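Each chain, written out:
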Amino acid sequence: MAQQDYLLALYASPRKKGNTAILLDELVAGAGEAGLEATVFHVASMDIRPCRECNACYEDGKCVQNDDMQQIYPHLAAARVVAMAAPVFSMNICAQAKALIDRCQCLWSARYVLKQTPVDPAFEAVRGGFFISCCGRDAPETFDCTRPTMAYFFYIIQVGGWESLTFAAVDEAGAIRRVPGALESAHDSGRSIES
Ligand SMILES: Cc1cc2nc3c(=O)[nH]c(=O)nc-3n(C[C@H](O)[C@H](O)[C@H](O)COP(=O)(O)O)c2cc1C
């Protein structure tokens, strides 16, 4: 799939109208105002199984599991901007997001076992990423464990730079609407994506 100027929006929370989905909706809307169309996947509704560590991807850089992750793979290399919305579950990103990231092991294999370059370095340099998250505890350090995981994700899909939008003390669905400036900051992040 050719590398293109669009936003890949990955909604990973099982709560379809939950806090991280509301924030990602805002980011997508802002990006639309900036002229960047979005391709959307509701990851939690998809059949994305965990990595089986079969290491078949060491042979060709591809995953042998024939599930819905096959729809997402081409976009991970083709989209100029990748945004992942994933709440904190048990002190890290939710399992739906983690399964998707683990399934990127084939991209790691392509680069480091097979020495391929799935993403052109010139495109990698202009790619951007967003990590959107919320947690219930009123403790920003709750996001500490999410950051290395997300850094690894963006590194392995070859996104040059990424930002995070994280909000603590946000628990019941929709609570993010009551956080002053939260929706605006997500909207502005989308709108400020450079063309
Ligand atoms: C299974 C589960 C585990 C959770 N674990 C944590 C946690 O470890 N720390 C925390 O602060 N909040 C935790 N939460 C609360 C969620 O992070 C919070 O409700 C968040 O706003 C959910 O975002 P969403 O509406 O986008 O799904 C947990 C919620 C669930 C359902």
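To start, this report covers the structure provided alongside it. The shown structure was predicted, so the numbers you read here are calculated from the model rather than taken from an experiment. (Residues numbered from 1 in each chain as written. Predicted model: local features only at pLDDT ≥ 70, side-chain atom pairs only at ≥ 80, totals over all residues.)

### Overview of the site of the ligand
Argument step 1. Surveying the vicinity of the ligand reveals 19 residues, the closest of which are G18, T20, P87, C135 and R137.
Argument step 2. Those elements that provide at least two residues to the shell around the ligand are α1 (19-33) and β4 (88-89).
Argument step 3. Broken down by element, the shell around the ligand gets its largest block of residues, three residues, from α1.
Argument step 4. Looking at the shell around the ligand, its residues break down into nine nonpolar, seven polar and three charged. (Near = placed C-beta within 6 Å. Helix = DSSP H or I, 4+ residues; strand = E, 2+ residues; numbered from the N terminus. Nonpolar A, V, L, I, M, F, W, Y, C, P; charged D, E, K, R; others polar.)

### A word on helix α4 (residues 95-102)
Argument step 1. Those residues of α4 that sit buried are Q96, A97, L100 and I101. Seen along its axis, α4 keeps its buried residues to an arc of 135 degrees; they face one direction.
Argument step 2. Check the buried side of α4 and you find it contacts α3 (69-78), β3 (79-85), β5 (92-93) and α7 (146-156). (Buried ≥ 20, exposed ≤ 12 C-beta atoms within 10 Å, placed from the backbone. Arc of directions from axis to C-beta. Contact = placed C-beta atoms within 7 Å.)

### Re α1
Argument step 1. With 15 residues, α1 extends 22 Å between its outermost C-alpha atoms, agreeing within 8% with the 21 Å of an ideal straight helix rising 1.5 Å per residue.
Argument step 2. Counting buried residues in α1 gives twelve out of 15 residues, a clear majority hidden from the surface.
Argument step 3. Within α1 the residues assigned to the buried category are N19, T20, A21, I22, L23, L24, D25, E26, L27, V28, G30 and A31.
Argument step 4. Close packing links the buried residues of α1 with β1 (4-11), β2 (38-42), β3, β6 (128-134), β7 (161-167) and α8 (182-191).
Argument step 5. Remark: G35 follows α1 within two positions and exhibits a positive phi of approximately 90 degrees. (Expected span 1.5 Å × (residues − 1).)

### Side note on the sheet that holds β1
Argument step 1. With parallel pairing, five strands are arranged side by side in an open sheet as β2-β1-β3-β6-β7. In this open sheet, the two strands that pair with only one neighbour each are β2 and β7. Across the sheet, the axes of successive neighbouring strands diverge by a mean angle of 15 degrees, strand direction being ignored.
Argument step 2. Packing against the sheet, α3 makes contact with β1, β2 and β3, and its axis sits at approximately 120 degrees to β3. (Pairing = 2+ DSSP bridges. Axes fitted to C-alpha atoms, helices over the stretch in contact; angles between N-to-C directions.)

### Thoughts on unusual backbone geometry
Argument step 1. For E53, which is not glycine, the phi torsion reads 55 degrees and is therefore positive.
Argument step 2. Its location among the elements puts E53 in the loop between β2 and α2 (57-60).
Argument step 3. With a phi angle near 65 degrees, Q158 is a residue other than glycine that sits in the positive phi range.
Argument step 4. Tracing the backbone shows Q158 in the loop between α7 and β7.
Argument step 5. Classification of Q158 by C-beta neighbours within 10 Å gives buried; the count is 20.

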